[in-house]
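Analysis of the macromolecular model
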Amino acid sequence: GKKKDRDDNVLPASRIDSAVRILREGLNEHESNILNLQQERAKIKQDLWKEMRRWEKYALSDLHQTAQRVVTIRMIEISAQLDVEFEFSHALMNAMNRLQALHVNQKSQASEDLVAFVSRLEKGEQADSLVMFPDMDHKLEEMRRLKAESEELQKLYEKETKERTVKDTFSGRKQKLKHAIEQDDDKAEWNADYGRYWRPSSASNQLAFHSLMLDERQSEGQLIRRWRALLNAAISVSADAVRTFFKHIIRQIALRYTISNERNIAALHLAMCRLIYPLISDVVCALYTQEEVDTDSKLSRRCIAMSSIHPLDLGVLRMHLPRQQDAKDKRLRAGGEYHEAEQALRAMTESLVPPDMIQLALICIRSINQTALRYQKLNLKMQGKGVSGLSSTVINADALFPIVVYVVQRSKVNKLYRCLGTIERFTADHILSFGETGMALSLLRAASSHILHVDLSKFNISLP
């Protein structure tokens, strides 16, 4: 019986050769799969990058994003497939090596599992179903999951492509532009005397406007593309050149889509500023003067050095500061005395859009005025004094200025002069010098100048 068992475990050369041939066929198939997957990966990248460039030209940002997601999930799926293919190839190679080792001595005993393996191959079972590798079940399941997710996303992408690539009719574009300009107009600030228009930015509305204006199938998109190409080729670009382009494109759009209402033209200009300035941030930054850069650096150092100075020592009146009894008023105490004004000033220096910079300057000064009035009213009430003789809308300039200095010092902004310079370079003179806007910008510049030139030795502060 033992001799019979030993004979059963001896594999003849013919059976070994036959098994090795089957395994070789399976290995060749996996090697072919690996090559095909690598080629498919390269083709997907090439094809979808072309499509993404197309969606970029058509300003279809949502379709561009979906295409990016398709590329990403397909790359992950193919990586998972390649991992499995390499694992199967390695497992089949190991099985072949074990069989070929028996050729060295035909009388050597094969293990029972190897004999069983050969027998199952001879019965026609697939080689892949007979080999194992680490985390095999998990890797196969993950591959199937990724494949299903990829197929679902591909269907969504094909559906969106079909829906979104239909070119708008002129009347359709005109209606979309009208909606983009007039939406949220009830929230706008508008001064017809000098044409300053501003309203809060809506992400969805601005995206719709971007899609209309940057679509290179239309004259507006072609004009913007050509202009940006000229900017890239130019050695230097002046602020006047940028302002001239704005006048030209606004006039062209207004004529093409019959926009004649001054308020709507101003809304169009604001939307165009929010589109164009972020695209030419390099041009805007290149126009910073060395004096502005140096002054900002000096102002930043002085603001940090003055951070320990009490607002009363800066000239802020006690009635315009909170008292201990106000601690329960969380609206006044949260984050500092003039926290909202500081936030607006920081946002102003971080913005890339001159009309938004101006509005944030206004918000900063308005917030200072309103907060000072609240403190003034509360403090006088606590002292048992009446407030009937005081203005309920503004505080006088002498009282306002030290608070502006205090807010600029506390905000520690590092680009205020560059920001004010950008506003002056790209904004019409009649807007810069008009009423509230002119006052707000002048106050901020004067407060900065005061910080730059104040004698710090009075506060026992010395700078290196």
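Note that the structure is predicted; figures quoted are calculated from it, not measured.

Topic: the overall build of the protein
When helices and strands are tallied, the protein shows 19 helices and two strands. By principal-axis analysis of the C-alpha atoms, the protein measures approximately 120 × 60 × 45 Å. Residues counted as buried form 44% of the 464 residues belonging to the protein. The contacts in the protein between residues at least 6 apart in sequence include a share of 78% that link residues at least 24 apart.

A short note on helix H8 (residues 219-233)
Taking 1.5 Å of rise per residue, 15 residues should cover 21 Å, and H8 covers 21 Å from first to last C-alpha, within 8% of that figure. Those residues of H8 that sit buried are Glu220, Gly221, Leu223, Ile224, Trp227 and Leu231. Seen along its axis, H8 keeps its buried residues to an arc of 160°; they face one direction. Structural note: H8 exposes Leu230, Asn232 and Ala233 on the side pointing more than 90 degrees away from its buried face.

Here's the deal with the nonpolar core
If you look at the biggest cluster of nonpolar residues, it comprises 52 residues, and the most contacted ones within it are Tyr338, Leu345, Met348, Ile368 and Leu444. Going through the elements one at a time, helix H12 (290-305), helix H14 (339-350), helix H15 (354-382), helix H16 (397-411), helix H17 (416-426), helix H18 (429-432) and helix H19 (435-453) are the ones with two or more residues in this core. Per-element tally for this core: the top contributor is H15, with eleven residues. Setting aside its immediate chain neighbours within four residues, Ile368 contacts Tyr338, Ala341, Leu400, Ile403, Val404 and Val407. Leu177, Phe209, Met213 and Cys273 belong to the second-largest nonpolar core, a separate cluster that totals 40 residues.

A word on unusual backbone geometry
Non-glycine residue Thr258 carries a positive phi angle of around 50°. With respect to the helices and strands, the residue Thr258 is situated in the loop between helix H9 (239-256) and helix H10 (262-279). Residue Lys412 is not a glycine yet carries a positive backbone phi of 55°. You can see Lys412 is positioned in the loop between H16 and H17. Overall, Lys412 belongs to the partly exposed group, its relative accessible area being 37%.

Some details on the packing of H14 against H15
Interaxial distance between H14 and H15 falls to 8 Å at its minimum, and their mutual angle equals 165°. When the axes of H14 and H15 are compared, the pair comes out roughly antiparallel. H15 is crossed by H14, and the crossing has left-handed handedness. Of the residues in H15, those touching H14 at Glu340, Ala341, Ala344, Leu345, Ala347 and Met348 are Met357, Leu360, Ala361, Ile363, Cys364, Ser367 and Ile368.

Topic: the packing of aromatic side chains
Any two aromatic rings considered together are summarised by their centre-to-centre distance and by the angle between their planes. Taken as a whole, this structure holds eight aromatic pairs when the rule is applied. Summarising the aromatic geometry, the rings of Phe170 and Tyr257 are spaced 5.2 Å apart at their centres and angled 10° between planes, so their arrangement reads as stacked. A residue pair is termed long-range when its members are at least 10 positions apart, and Phe170 in helix H6 (residues 170-182) and Tyr257 in the loop between H9 and H10 qualify at 87 residues. Accessibility expressed as a relative area gives 38% for Phe170, which makes it partly exposed. The buried category is assigned to Tyr257, whose relative accessible area is 3%. Residues Tyr277 and Phe426 carry aromatic rings whose centres are separated by 5.3 Å and whose planes lie at 75° to one another, so their mutual orientation is edge-to-face. With a gap of 149 residues between them, Tyr277 in helix H10 and Phe426 in helix H17 connect regions that are remote in the sequence.

So, the pattern of salt bridges
Once the charged atoms of two side chains with opposite charge are near each other, the side chains can pair. Using the criterion set out here, one finds 29 salt bridges in the structure. Two residues, Arg217 and Asp215, come together in a salt bridge whose shortest N-O distance is 2.9 Å. Residue Asp215 is classed as buried on the basis of its relative accessible area, which comes to 5%. The network of salt bridges with shared partners includes Glu189, Arg196, Arg366 and Glu436.

With respect to the state of the cysteines
In total, this model carries zero disulfides according to the counting rule given. Distance from the sulfur of Cys419, which forms no disulfide, to the nearest cysteine sulfur (Cys364) is 11 Å.

Quick look at the packing of H8 against H9
For the pair H8 and H9, interaxial distance at closest approach is 11 Å and the crossing angle is 170°. Our classification of the angle between H8 and H9 gives roughly antiparallel. Contacts from Ser219, Glu220, Leu223, Ile224 and Trp227 in H8 reach Val242, Phe245, His248, Ile249, Ile253 and Arg256 in H9. Split by residue class, the contact of H8 with H9 holds seven nonpolar, two polar and two charged.

Here's the deal with H19
When the terminal C-alpha atoms of H19 are compared, their 27 Å separation across 19 residues agrees well with the 27 Å that a helix rising 1.5 Å per residue should span. All of the buried residues in H19 are Thr437, Gly438, Ala440, Leu441, Leu443, Leu444, Ala447, Ser448, Ile451 and Leu452.

As for the confidence of the model for the protein
Reading predicted coordinates in detail is not appropriate for stretches of low pLDDT. Summing up the model confidence of the protein, the mean pLDDT is 88 and the portion of residues at 70 or higher is 91%. Counting interchain partners and residues more than four positions distant, the pLDDT-below-50 stretch residues 1-6 has one contact. The model gives residues 324-335 a pLDDT under 50, and that stretch makes 14 contacts with residues more than four places away or in other chains.

A few points about the side chain of Thr371
Structurally, the position occupied by Thr371 is in helix H15. Residues contacting Thr371, with those up to four places away along its chain left out, are Glu337 and Tyr338.

The rules behind each value
- Residues numbered from 1 in each chain as written.
- Predicted model: local features only at pLDDT ≥ 70, side-chain atom pairs only at ≥ 80, totals over all residues.
- Heavy atoms only, no water.
- Helix = DSSP H or I, 4+ residues; strand = E, 2+ residues; numbered from the N terminus.
- Buried < 20%, exposed > 50% of the residue type's maximum accessible area, 1.4 Å probe, protein only.
- Contact = heavy atoms within 4.5 Å.
- Expected span 1.5 Å × (residues − 1).
- Arc of directions from axis to C-beta.
- Core = buried A, V, L, I, M, F, W, Y, C linked by side-chain atoms within 4.5 Å.
- Axes fitted to C-alpha atoms, helices over the stretch in contact; angles between N-to-C directions.
- Parallel < 35°, antiparallel > 145°, perpendicular 65-115°, else oblique.
- Left-handed = near helix turned anticlockwise from the far one by under 90°.
- Phe/Tyr/Trp six-rings, centres within 6.5 Å; stacked < 30°, edge-to-face > 60°.
- Salt bridge = Lys/Arg side-chain N within 4 Å of Asp/Glu carboxyl O.
- Disulfide = S-S within 2.5 Å.
- Nonpolar A, V, L, I, M, F, W, Y, C, P; charged D, E, K, R; others polar.
- pLDDT = per-residue confidence, 0-100.

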